[in-house]
Amino acid sequence: VQLQASGGGFVQTGGSLRLSCTTSGRAVSYAAMGWFRQAPGKDREFVAALRRSGGYTYYEDSVKGRFTISKDSAKNTLYLQMNSLKPEDTAVYFCAAGVGTILSSIRIQRGYDYWGQGTKVTVSS
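Report follows, based on the coordinates. (Residues numbered from 1 in each chain as written. Predicted model: local features only at pLDDT ≥ 70, side-chain atom pairs only at ≥ 80, totals over all residues. Heavy atoms only, no water.)

**Let's talk about the nonpolar core**
- Ranked by internal contacts, the top residues of the largest apolar core, which has 27 residues, are Trp-35, Val-47, Phe-67, Ile-69, Leu-80, Met-82 and Tyr-93.
- Looking at this core, the elements with two or more residues in it are strand 1 (2-6), strand 3 (17-24), strand 4 (32-38), strand 5 (45-51), strand 7 (67-72), strand 8 (77-82), strand 9 (91-98) and strand 11 (119-124).
- The biggest single contributor to this core is strand 9, with four residues.
- Once residues lying within four places of it in the same chain are set aside, the contact partners of Ile-69 are Met-33, Gly-34, Trp-35, Ala-48, Ala-49, Leu-50, Thr-57, Tyr-59, Leu-78, Tyr-79 and Leu-80.
- The next biggest cluster of nonpolar side chains, apart from the first, holds eight residues, and it includes Ala-32, Phe-36, Phe-46 and Tyr-58. (Core = buried A, V, L, I, M, F, W, Y, C linked by side-chain atoms within 4.5 Å. Buried < 20%, exposed > 50% of the residue type's maximum accessible area, 1.4 Å probe, protein only. Helix = DSSP H or I, 4+ residues; strand = E, 2+ residues; numbered from the N terminus. Contact = heavy atoms within 4.5 Å.)

**Notes on the environment of Gly-65**
- With respect to the secondary-structure elements, Gly-65 resides in the loop between strand 6 (57-59) and strand 7.
- The exposure class of Gly-65 is exposed, given its relative accessible area of 84%.
- Counting along the chain gives 12 residues from Gly-65 to Ser-53, while the straight-line C-alpha distance between them is 22 Å.

**Quick word on the pattern of salt bridges**
- Counting across every chain of the model gives four salt bridges.
- A salt bridge links Glu-45 to Arg-37, with the nearest nitrogen and oxygen atoms 2.7 Å apart.
- When its relative accessible area of 5% is taken as the criterion, Arg-37 is described as buried.
- Salt-bridge contacts for Lys-64 lead to Asp-61; the nearest nitrogen and oxygen are separated by 3.2 Å.
- Among the charged side chains, a network of salt bridges with common partners joins Arg-37, Glu-45, Arg-66 and Asp-89. (Salt bridge = Lys/Arg side-chain N within 4 Å of Asp/Glu carboxyl O.)

**Some thoughts on the side chain of Arg-37**
- Within the secondary structure, Arg-37 sits in strand 4.
- A distance of 2.9 Å separates polar atoms of two side chains, one belonging to Arg-37 and the other to Asp-89. (Polar contact = N/O pair within 3.5 Å; in protein donor to acceptor, adjacent residues only side chain to side chain.)

In structure tokens form, the structure reads like this:
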């Protein structure tokens, strides 16, 4: 199983980017897929997640109302639409997929089994 993240780049404050994460390899049914980010000198943190069951979405408080997570199953692709970007959103963004992710672990790294390589987002002030 491989996850390939893309779509990062350089954008000014208030701008938008859409990140993509394409899965390939062995067909796996994921209980959840999500996005995490790691800013320079900081720990990796949860950004957003999407549960297969019910299609529920979860967001870190600072991105609520600005970021939207979605999935195109036909394309095996997970998206993160990021609007109204701020300098504090600058980070490397990682996508992740979990086979047996449960609700209590949907916001933490150990809840996921597979990780993409990361795509860098830089927001200038």
